[in-house]
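Coordinates in review
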Amino acid sequence: MCGIVGYIGINQAPPILLDGLKRLEYRGYDSAGLTVYNGSDMETVKCKGRISALEKKIDERPVSGTVGIGHTRWATHGEPSDLNSHPHISPSGRVSVVHNGIIENYQRLKAYLQGKGYVFSTETDTEVIPHLIDYYYDGNIFEAVAKAASRMHGSYALGVLARDEPGRIVAVRKDSPLVIGESAEGNFIASDVSALLPYTRSVYYLNDNELAVIEKGAISFKSAEGETIKKEPSTITWSVDAAEKGGFEHFMLKEIHEQPKAIRDTLASRVIPGRAIDLGFDAVTEPYIKSLEKIFIVACGTAYHAGVIGKNIIEKLTGIPVETDIASEFRYRDPIIKENTLLIVISQSGETADTLAALREAKGKGSKVLAIANVVGSSITREADDVFYTWAGPEIAVASTKAYTTQLIGLITIAMYFAQIRGAANVETIEALKKEMLLLPKKAEEVLSEKDTLQKFASQTFNHHDMFYLGRGLDYALAMEGALKLKEISYIHTESYAGGELKHGTIALIEQGTVVIALTTQESLKEKMISNIREVTTRGANVLGFTIKGKDGKSSLDVSNAVSAVFEIPRTDACLVPVLAVIPLQLFAYYVAVLRGCDVDKPRNLAKSVTVE
Ligand code: G6P
């Protein structure tokens, strides 16, 4: 979604703003812009398109100054255009604003301001903000922003610069992410820490309805009522390199290869042989876990797919009934939440608007909320009662990979923890599972070392228009994720189907040469899946099989009769297989997208972090 960067200090602002905006590119955007105070006035440069287009414009008409705000916009109200891009300026030219979020009552505010003589020139909701601030401005930009914010409904993270007070940037947030960074050479605002990594490790998190005043040598925080708030800085441990491509052609490929480490990091200090799991939750206490009668798992996109796997494993290990929901459905369907219901929300970014709303919905009905999230300090982590952090590091590619595998690790660990507390699984079972979990990073490396096979599969199939993913049980949930991965980055139409459901519709689409990805990693369902594979090969399908290695090292799928080609995954416990089996599906999708010349890291129409409904 939109990205915000602001800087005030001793250095030139434009290069810092442009660099920060580039680091936020992964959030998805269609235009970019910045405002800089040049010593006597504010200068704004903005345009539709990539940041390179903005740089070109600045090269042609250089701007300079040591304070400024920048923005990347992902259009919601008003098409992507030069005019609609941010920053937006008040008609008087005194106030410049960058905004992430949606002002829900902008039409009412617009009518009000028009009544006061304000002229509007864009279709955006954002334009009401500089106008409203200008309306309240009488020499104190902090007070004007606070007054304007009190009249705005919706979500917003704002960076505000006033021509007549160029010594400070004012920031405020409500339901949209914003961090404040401090350094000896200047202070910053940004939508997330990845924009700040080369400049500082020291950041402050703003809570909803809090304001910050950022000056060259000082940062202060205030409530909407103007009361001073004391905050301690947090230290970011992510390395600069972790947020860059590290030699891989794309962030997605790099992140696929980071999975062994991400899995290892997520397991570390939680899964230790011979030691009972203790996840250190405050609100989700042992008595509460014992009393649980129902769990909801709610998320969006890939995180939802992780939840579907988690449902199966939690039910199997703990015996607690689990329901999975897509967050945008959950929040509007009036779910039945009784006492002893737990909501688990899963979110890489911790900022997905629907997931956050689902969390609030459940909390409002008395449920406790446990979040599985990757971004420390994100909105979801701050509102949940307890958090299980996935230590996947920054995920930049829009298509989620390492977040998914670490979300699975989180769900399995939580399932084991609950099973241990409830006495639902005996110690030997849990210890055996732990042992297998600790072998996953090495086995994930083995899978990655076979990437040539996936490249070959991709070269044989990349020019197809449709592909079908089949599986049963956990493989069906995995098929959903495999199909999504391919669809989102290669633009090939994909469908995922439960093997048993094939003959109720999808089989009508199978003809000579149709590509079917058959997932057969679950020993107990293998025979049934082989029957489904035969149903499609009989009708001419070209089947790529994914299965686990046989016990004796031989293939566990009958290659000669059933499938055209097979990829084998190292053996592990049945409920851990998806952690390994998703990796070849990610690689296959990646190589297909590359062969089709797609923009792998930034697929069209998609955003990494969906912070609006
Ligand atoms: C977007 C991203 C997906 C992600 C989903 C949920 O659609 O493109 O990769 O799975 O949002 O995001 P979250 O940050 O909540 O996991």
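Below or above, wherever it landed, is the structure these notes cover. Owing to the predicted nature of the structure, the values given are computational and were not obtained by experimental measurement. (Residues numbered from 1 in each chain as written. Predicted model: local features only at pLDDT ≥ 70, side-chain atom pairs only at ≥ 80, totals over all residues. Heavy atoms only, no water.)

1. With respect to the overall build of the chain
The cut-off we apply is this: Here a helix means four or more residues in a row that DSSP labels H or I, a strand means two or more in a row labelled E, and each is numbered from the N terminus. Each residue gets one of three labels from its accessible area relative to the maximum for its type: buried under 20%, exposed over 50%, partly exposed in between, using a 1.4 Å probe on protein chains only. Contacts are assigned to residue pairs with any non-hydrogen atoms lying within 4.5 Å of each other. We count Lys and Arg on the positive side and Asp and Glu on the negative side, and we leave His and both chain ends out. The atoms used to mark charge sites are NZ of Lys, CZ of Arg, CG of Asp and CD of Glu.
In terms of regular secondary structure, the chain is built from 19 helices and 25 strands. Summarising its shape, the C-alpha atoms of the chain cover approximately 80 × 55 × 45 Å along the three principal directions. The buried share among the 613 residues of the chain stands at 60%. Across the chain, contacts joining residues at least 24 apart in sequence account for 72% of those joining residues at least 6 apart. Computing the positive centroid from 67 side-chain charges and the negative centroid from 76, the chain places the two 2 Å apart.

2. Section: the site of the ligand
Definition in use: Throughout, near means a residue has at least one heavy atom within 4 Å of the molecule or strand. In protein, a polar contact requires one atom able to donate a hydrogen and another able to accept it; more generally it is a pair of N or O atoms within 3.5 Å, and residues adjacent in sequence count only if both atoms are side-chain atoms. For accessible areas, the Shrake-Rupley method is used with a probe of radius 1.4 Å. Any residue's cover is judged against the shown protein chains and nothing else.
If you check the shell around the ligand, you find 13 residues, and the closest are Ser347, Gln348, Ser349, Thr352 and Ala607. The contact in question runs from an oxygen atom of the ligand to an N or O atom on the side chain of Ser349, over 2.6 Å. In isolation the ligand has 380 Å² of accessible area, and contact with the protein removes 89% of it. Here the shell around the ligand gets 3 residues from one element, more than from any other, and that element is helix α9 (residues 301-318).

3. As for the nonpolar core
The criterion, for reference: Grouping buried Ala, Val, Leu, Ile, Met, Phe, Trp, Tyr and Cys residues that are joined through side-chain atoms within 4.5 Å yields what is termed a nonpolar core.
Counting 98 residues, the largest nonpolar core has Ile295, Ile344, Phe418, Ile517, Phe546 and Phe588 as its most contacted members. Counting residues per element, this core draws most heavily on helix α19 (residues 577-595), at 14 residues. Aside from chain neighbours lying at most four places away, what touches Ile295 is Ile314, Ile320, Pro321, Val322, Glu323, Leu342, Ile344 and Phe418. The next biggest cluster of nonpolar side chains, apart from the first, holds 30 residues, and it includes Val97, Leu113, Met152 and Val160.

4. Digging into the pairing of strand β4 (residues 67-73)
Here is the rule: In this scheme, strands are said to pair when DSSP sees at least two bridges between them.
Most of β4 sits inside the fold, with 7 of its 7 residues counted as buried. Neither face of β4 is exposed, since Val67, Ile69, His71 and Arg73 on one face and Gly68, Gly70 and Thr72 on the opposite face are all buried. With 6 bridges joining them, strand β1 (residues 3-9) and β4 adopt antiparallel strand pairing. If you follow Gly3 over to β4, its bridge partner there is Thr72.

5. Quick word on the packing of aromatic side chains
Given two aromatic rings, their pairing is described by the distance between the two centres and the angle made by the two planes. Which entries qualify depends on this criterion: Pairing of aromatic rings covers Phe, Tyr and the six-membered ring of Trp, with a centre-to-centre limit of 6.5 Å; geometry is then stacked below 30 degrees between planes, edge-to-face above 60, and tilted otherwise. A ring is scored as having a charge over it whenever the NZ atom of a lysine or the CZ atom of an arginine sits within 6 Å of its centre and within 35 degrees of its normal.
Summed over all chains, the structure comprises 13 aromatic pairs. Consider the rings of Phe281 and Tyr417, whose centres lie 5.9 Å apart with planes at 75 degrees: the pair is edge-to-face. Of this pair, Phe281 sits in the loop between α7 (259-267) and α8 (286-291) while Tyr417 sits in helix α13 (residues 402-422), and the two are 136 residues apart along the sequence. Each member of the pair, Phe281 together with Tyr417, is buried. Arranged with centres 5.3 Å apart and planes meeting at 65 degrees, the rings of Phe296 and Phe330 form a pair that is edge-to-face. Pair noted here: Phe296 is in strand β16 (residues 294-299) and Phe330 is in helix α10 (residues 327-330), with a separation of 34 residues, a long-range link. A single burial state applies to Phe296 and to Phe330, both of which are buried. Residue placement shows Arg270 over the ring face of Phe388; its charged tip is 3.8 Å from the ring centre.

6. A closer look at the sheet that holds strand β10 (residues 186-190)
Selection rule: Axis angles are defined between N-to-C directions and span 0 to 180 degrees, where every axis is a line fitted to C-alpha atoms and, for a helix, only to the segment in contact.
One open sheet accounts for 8 strands, arranged β3-β2-β4-β1-β10-β9-β11-β15; its pairing is antiparallel. Either end of the sheet is taken by a strand with one partner, and the two such strands are β3 (42-48) and β15 (234-235). Against the sheet, helix α2 (residues 51-60) engages β2 (31-37), β3 and β4, with an angle of about 140 degrees to β3.

7. Observations regarding α9
Short version of the rule: Multiplying 1.5 Å by the residue count of a helix minus one yields the expected span of that helix.
In this model, α9 (18 residues) spans 25 Å end to end at C-alpha, consistent with the 26 Å of a helix rising 1.5 Å per residue. Burial of α9 is extensive: 13 of the 18 residues sit out of reach of the surface. Immediately downstream of α9, the backbone of Gly319 shows phi near 80 degrees, a positive value.

8. Observations concerning the state of the cysteines
Selection criterion: Cysteine sulfur atoms are paired as a disulfide whenever they come within 2.5 Å of each other.
The full count for this structure, using the stated rule, is 0 disulfides. For the unlinked cysteine Cys2, the closest cysteine sulfur is that of Cys47, found at 15 Å.

9. Some thoughts on the packing of α13 against α19
Rule in force here: For classification purposes, angles smaller than 35 degrees are called roughly parallel, those larger than 145 roughly antiparallel, those between 65 and 115 roughly perpendicular, and all remaining angles oblique. Amino acids outside the nonpolar list (Ala, Val, Leu, Ile, Met, Phe, Trp, Tyr, Cys, Pro) and the charged list (Asp, Glu, Lys, Arg) are all regarded as polar, and Gly is one of them.
Their axes nearest at 9 Å, the elements α13 and α19 cross at an angle of 170 degrees. Accordingly, the angle class assigned to the pair α13 and α19 is roughly antiparallel. The segment α13 lies against α19, with Tyr404, Thr405, Leu408, Ile409 and Ile412 engaging Pro578, Val579 and Val582. Residues of the contact of α13 with α19, tallied by class, amount to 7 nonpolar, 1 polar and no charged.

10. Considering the side chain of Ser347
Inspection of the secondary structure puts Ser347 in strand β18 (residues 341-347). A relative accessible area of 3% means that Ser347 is categorised as buried. Setting aside chain neighbours within four positions, we find Ser347 in contact with Ala303, Thr352, Thr355, Ile372, Ala373, Asn374, Ile380 and Gln407.

11. Here's the deal with the sheet that holds strand β7 (residues 154-162)
The pairing of strands in a sheet happens through backbone hydrogen bonds and is either parallel or antiparallel. What the 7 strands build is an open sheet, ordered β5-β6-β7-β8-β12-β13-β14; its pairing is antiparallel. Both edges of this open sheet fall to β5 (88-89) and β14 (228-229), since each of them pairs with a single strand only. Taken together, the 2 bridges between β5 and strand β6 (residues 95-103) define a ladder with antiparallel strand orientation. The residue bridging Ile89 from the neighbouring strand is Ser96, located in β6. Set on the sheet, helix α5 (residues 141-151) makes contact with β6, β7, β8 (169-174), β12 (210-214) and β13 (219-222); between it and β8 the angle comes to about 20 degrees.

12. Let's talk about unusual backbone geometry
Geometrically, the link from His86 to Pro87 is a cis peptide bond, its omega value of 0 degrees lying close to zero. Along the chain, Pro87 turns up in the loop between β4 and β5. Of note, the phi angle at Ser269 is positive, near 65 degrees, even though the residue is not glycine. Here Ser269 is to be found in the loop between α7 and α8. Ser269 gets classed as exposed once you look at its relative accessible area, which sits at 63%.

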